[in-house]
Amino acid sequence: MRVLVVAAPLLGHVFPLMPLALRLREAGHEVVVATGGEALRVGESGLRVEDVVPSNVRFGPIAVRIMLAHPLVAKREMRGSGRLDFVSRLFGRVGDAMTAPLREFAEGWRPDVVVHEPLAAAGSALGVPSVVHDVSLFDGLELTAAVGARMKAEVRSPTTVLRTAPPSLAEFPGGERVRFVPYSGDGEVPPWLAEPSGKPRILVSRSTAPGPGSGRMMAAVVRAAERVDAEFVLVRPDRTDGLPGNVRAVGWVPIPRVLPFCDGIVHHGGAGTLLGALAAGVPQLVEPGPGDRTVHADAITRRGAGLKAEPREVTPDLLTRLIEDSRLQRAAGEVRAEIASAPSPAEVAERWESWVN
């Protein structure tokens, strides 16, 4: 069977699709990933990757135009309460730009089924049976419908949806469960980071997508770190000078391979990092913010598997609680077991043909 995997041109959108894509290839299916921009990096996996995003498609200018045209929508989005108003407009325009190149490729390659992440709704506009692959704590069917409603192309209803969210954090009707398996590509892990440090270790990461204030949380953690009995590891920091003695810095590392050696993680609230930490059973401190970040921060707090805080609220006591509060550790472990109980991507791939037909 020929399977076309479609994602918006962002690493955080294509990475969650890769475990299933790779298992489908191992099960004997032909798999092509269609995306663009920085997400083309997934070609390092050995899968064939097609660039279906015109070079003039840039998120920054599109977002600015939407904000100028819809200031109230923009205001709600920046507060993290915009729901789907802004994101549907943004990815609707990206989807319109992807549709023609996608159709051209599909007409030549003739896929049997399309698997796409919710914000790449163009995947359901090809006249081919489609499957939505959830990648966050939002309902993928609702997201696809919202983005599709903004697009010029006709976006048909997907055949079904693969649910990756732990039900105790977000449960939606219909679909098939599949285990969330963290993926962040290849990369070197320093030997000291692939083993316990002798002290509690807190990883501090930030979004792979640029944006205003993206380094504020990391800076706040650095200011408090010296008064916390732990080792801090900054991933891709803006600066490395003047760090306290218990703070180290690294460049790009595959975070899923590092998390087993961490006792906590501080991050921006992106879905991939949040679900990856849950899959590893690691308590997390999440910064609320635009888009899905506030929803994710609230969900992880309600579940008791993590904390949320603005940069100005980060204190040594808060960071100490992240690694010492047994309730956080217990809840994170419960969600890890919940994720592990779902069928793996390999199991889904093995029954793929009987399932999608």
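Residues numbered from 1 in each chain as written. Predicted model: local features only at pLDDT ≥ 70, side-chain atom pairs only at ≥ 80, totals over all residues. Heavy atoms only, no water.

**Overview of the sheet that holds strand β5 (residues 130–133)**
Moving on, step 1. Pairing is parallel across the open sheet formed by seven strands, whose spatial order is β3-β2-β1-β4-β5-β6-β7. Every interior strand has two partners, whereas the edge strands, β3 (48–51) and β7 (176–177), have only one.
Moving on, step 2. Where strand β1 (residues 2–6) and strand β4 (residues 113–116) come together, four bridges link them in parallel fashion. Bridging across to β4, L4 finds its partner in V114.
Moving on, step 3. Contacting β1, β2 (30–35), β5 and β6 (160–163), helix α2 (residues 18–26) runs over the sheet at an angle of about 150° to β2. (Pairing = 2+ DSSP bridges. Helix = DSSP H or I, 4+ residues; strand = E, 2+ residues; numbered from the N terminus. Contact = heavy atoms within 4.5 Å. Axes fitted to C-alpha atoms, helices over the stretch in contact; angles between N-to-C directions.)

**As for helix α3 (residues 59–69)**
Spacing of three or four residues puts side chains on the same side of an α-helix, whose turn is 3.6 residues.
Moving on, step 1. Every buried residue belonging to α3 is among F59, I62, A63 and I66, and all of these are buried. Seen end-on, α3 carries its buried residues on one side only, within an arc spanning 95°.
Moving on, step 2. Tucked inside the fold, the buried residues of α3 contact α5 (85–109). (Buried < 20%, exposed > 50% of the residue type's maximum accessible area, 1.4 Å probe, protein only. Arc of directions from axis to C-beta.)

**Topic: the environment of S168**
Moving on, step 1. For S168, the position within the fold is in the loop between β6 and β7.
Moving on, step 2. Taking the C-alpha atoms as reference, S168 lies 33 Å from H29; in sequence the two are 139 residues apart.

**Topic: the environment of V204**
Moving on, step 1. Within the secondary structure, V204 sits in strand β8 (residues 201–204).
Moving on, step 2. Put simply, V204 and H267 are 63 residues apart on the chain and 6.0 Å apart in space, counted from C-alpha to C-alpha.
Moving on, step 3. Residues in contact with V204, not counting those within four places in the same chain, are M218, V221, F232, V233, L234, V235 and V266.

**Observations regarding the layout of surface pockets**
Moving on, step 1. Here the second largest pocket defines a volume of roughly 190 Å³.
Moving on, step 2. If you go around the second largest pocket, the residues you meet are G215, M218, A219, V222, R223, L234, P237, D238, R239, D241, G242 and L243. (1 Å grid on protein atoms, 1.4 Å probe; cavity = no way out; pocket = protein on both sides within 12 Å on 5 of 7 lines; lining within 4 Å. Points joined across faces, edges and corners; volume = space filled by probe spheres on them.)

**Some thoughts on the pattern of salt bridges**
Moving on, step 1. Within this structure, the stated rule accounts for 16 salt bridges.
Moving on, step 2. Note that D238 and R206 form a salt bridge whose closest N and O atoms lie 3.0 Å from each other. You can see D238 sitting in the loop between β9 (231–235) and β10 (247–250) and its partner R206 sitting in the loop between β8 and α7 (216–225), a full 32 residues away along the chain.
Moving on, step 3. On the accessibility criterion, D238 (61% relative accessible area) is exposed.
Moving on, step 4. For R206, a relative accessible area of 15% puts it in the buried group.
Moving on, step 5. Shared partners join several salt bridges into a network, and the residues in it are D134, D139 and R163. (Salt bridge = Lys/Arg side-chain N within 4 Å of Asp/Glu carboxyl O.)

So, to be careful, I would describe these as geometric facts and stop short of saying anything about function.
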